[in-house]
Amino acid sequence: MTAYESEEDFIPSSDNRSLPLGTSLRDLAVVMLISIPLQLIATDLTLGAVLAGLAALYALCVLGLLLTKYSPFYLPSVAWISLVGIALTLPFTPWFEWFNELVTGIDFLALAVPPLAYAGLAISKLELSIMRRSGWKILIVAILVFIGTYVGSAAIAEFMLQVTS
Amino acid sequence: MESMKTLVRLWPIHLIVLVTSIVAQIIGVRAIPIGIGTILLLPLLFAFVFTLLLNPNVIKPIGRVLSTRRVAAASPLIVIAIMPFIAKFGTTIGPAIEEVIQAGPALLLQELGNLGTILLAFPVAIWVFRMGRESIGAVHSIAREPNIAIIADRYGLRSPEGTGVMGVYVMGTLFGTFVFAIIASILATSGVFSIEALAMACGVGSGSMMAACSGALAAAAPEATDSITALAGASNLLTYATGMYVSLFIALPLVERIYLRIRPDDPDNPRNRAAEEPV
């Protein structure tokens, strides 16, 4: 269990190869169950279509996790999952129509609700004490870091789009 | 079975997530018009606030019914819960692969947008707040996990640089989604940048930041949802590949060099630190 005691243990990793696969698959299944009512609220899909769509996404995650664990080189599981998602929906593949049909109606915004709900619960004492110690100056600097990165990226992207098109 | 035991131990967490998520989803997207654009409040932000208010570390009395040890188990579940979302993003990149490839040069170069922090945040940290070397850790990147690893490796987390990066990391964890949702919705509704450029920029941070950012864009321009998620997803995938290198080989050396130029006499500078120690 992750209970951070001091900053030294607090090199949070976005991912972890040593995470037991069975536990991940079980927790992933619970998250999928939580997503069923959310999709029913967010979309006009029937229960059957929601179940099929979420099952397809579950299968993608499982493939990604297997690749994370057994591939000869390391990529974070989210990168593998993303790559599997791309590979299964490339328009020139024979399974494209079938697979795309399954997942296309699933609402992406509703899928982002459970992770943020877990994130709110996971805020630890250590994080709150770092926040208090850092104070409002770091808060303002942090906000400027986010705005700077976002606007910087958008400006470069905009410029490149105009140059290349 | 061990697995069943932990599942039983985790059920209060899952139950809280289920209930708060449903309430958040029913509330849906709320728009607050302000002068220069519109701020869009998304279900994911509501869910985050609800569970923050049920977190015994934040609201002490909750500890009587929900122990802090129990909620600590929610931490590894964040990565698991974000996976289906990332999978869905992947499935929007595939069908739009031509558009993504066409946007290739823009996608690659916007990874350098990171350096925008040096223009905006660094001067404020140095000249307005008179911060020391913690400013190096704070502004060299958006302070997600790989960046913390870099700073930990080079300076250690108890150093001033470590304090800076941890500060921004924690602020990002607590407020990052809000900041991203707010800037993205204001920029999308004010029409300064094209929606494609804004979508690519959504990929620069963590998964939750991307969710908040692309969610705000999609709510502002629903007809472009598919290309927003495809471009944001491609940019985020690219960030996993390149983000760490931009930070390690470009941003950090640059910030370090500018700092040495502005504050050559800071006793905490590595050169001066070494000089003080007897040989």
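## Observations concerning the overall build of chain B
- If you tally the helices and strands in chain B, you get 14 helices and two strands.
- Buried residues in chain B amount to 53% of all 279 residues.
- Sequence separation of 24 or more characterises 71% of the internal contacts of chain B that already satisfy a separation of 6 or more.

## Digging into the overall build of chain A
- Scanning chain A from terminus to terminus reveals seven helices and zero strands.
- Each helix and strand of chain A, placed in order from N terminus to C terminus, yields the pattern α-α-α-α-α-α-α.
- Out of the 165 residues belonging to chain A, those deemed buried represent 47%.
- In chain A, 63% of the contacts between residues at least 6 apart in sequence involve partners at least 24 apart.

## Overview of helix α3 (residues 77–88) of chain A
- For α3(A), spanning 12 residues, the distance from its first C-alpha to its last is 17 Å, which sits close to the expected 16 Å at 1.5 Å a residue.
- Of all 12 residues in α3(A), 10 are buried; the element is thus mostly enclosed.
- Residues A:S77, A:V78, A:A79, A:W80, A:I81, A:S82, A:V84, A:G85, A:I86 and A:L88 constitute the buried set of α3(A).
- Residues of α3(A) that are buried in the fold lie against α2 (47–70) and α4 (96–103) of chain A together with α4 (75–93), α12 (207–220) and α13 (225–262) of chain B.

## A look at helix α9 (residues 145–154) of chain B
All names here are of chain B.
- Taken as a whole, α9 has its buried residues at N147, I148, I151 and A152. All buried residues of α9 fall inside an arc of 135° around its axis, so they share one side.
- Close packing links the buried residues of α9 with α8 (134–139), α10 (160–190) and α13.
- Taken from the residues just after α9, G156 is the one with a positive phi, measuring 85°.

## So, the domain arrangement of chain B
All names here are of chain B.
- Under the domain assignment used here, chain B contains domain 1 (1–73) and domain 2 (79–265).
- Taking only C-alpha atoms, the centre of domain 1 and the centre of domain 2 are 24 Å apart.
- The interface of domain 1 with domain 2 comprises 10 residues on the first partner and 14 residues on the second.
- For the side of domain 1 that touches domain 2, the secondary-structure elements that each account for two or more residues are β2 (37–41) and α2 (43–53).
- If you tally residues by element for the side of domain 1 that touches domain 2, the top one is β2, at four residues.
- Within the side of domain 1 that touches domain 2, the residues separate by chemical class into eight nonpolar, two polar and no charged.

## Quick word on the nonpolar core
- Core analysis: the biggest nonpolar cluster contains 147 residues, and B:A184, B:L198, B:C213, B:A216 and B:L217 have the highest contact counts within it.
- Beyond its immediate chain neighbours, meaning those up to four positions away, B:A184 contacts B:L198, B:C202, B:C213, B:A216 and B:L217.

## Here's the deal with the domain arrangement of chain A
- The assigned domain composition of chain A is domain 1 (15–122) and domain 2 (124–165).
- When each unit is reduced to the centre of its C-alpha atoms, the spacing between domain 1 of chain A and domain 2 of chain A is 28 Å.

## Quick word on the interface of chain B and chain A
- Listed by partner, the interface residues are 110 residues for chain B and 90 residues for chain A.
- If you tally residues by element for the side of chain B that touches chain A, the top one is α4(B), at 18 residues.
- Each residue belonging to the side of chain B that touches chain A can be placed in one class, and the counts come to 77 nonpolar, 29 polar and four charged.

## Here we look at the environment of A:I34
- In this fold, A:I34 is placed in helix α1 (residues 21–42).
- You can call A:I34 buried: it has 21 C-beta atoms within 10 Å.

## Overview of the confidence of the model for chain A
- Residue-level pLDDT values for chain A average 87, and 88% of them are 70 or greater.
- Overall, residues 1–5 of chain A carries pLDDT values under 50, and its contacts beyond four positions in sequence, including any with other chains, amount to 10 contacts.

Each value, and the rule that gives it
Residues numbered from 1 in each chain as written. Chains lettered and ligands numbered in written order. Predicted model: local features only at pLDDT ≥ 70, side-chain atom pairs only at ≥ 80, totals over all residues. Helix = DSSP H or I, 4+ residues; strand = E, 2+ residues; numbered from the N terminus. Buried ≥ 20, exposed ≤ 12 C-beta atoms within 10 Å, placed from the backbone. Contact = placed C-beta atoms within 7 Å. Expected span 1.5 Å × (residues − 1). Arc of directions from axis to C-beta. Domains from an automatic or database assignment. Nonpolar A, V, L, I, M, F, W, Y, C, P; charged D, E, K, R; others polar. Core = buried A, V, L, I, M, F, W, Y, C linked by C-beta atoms within 7 Å. pLDDT = per-residue confidence, 0-100.

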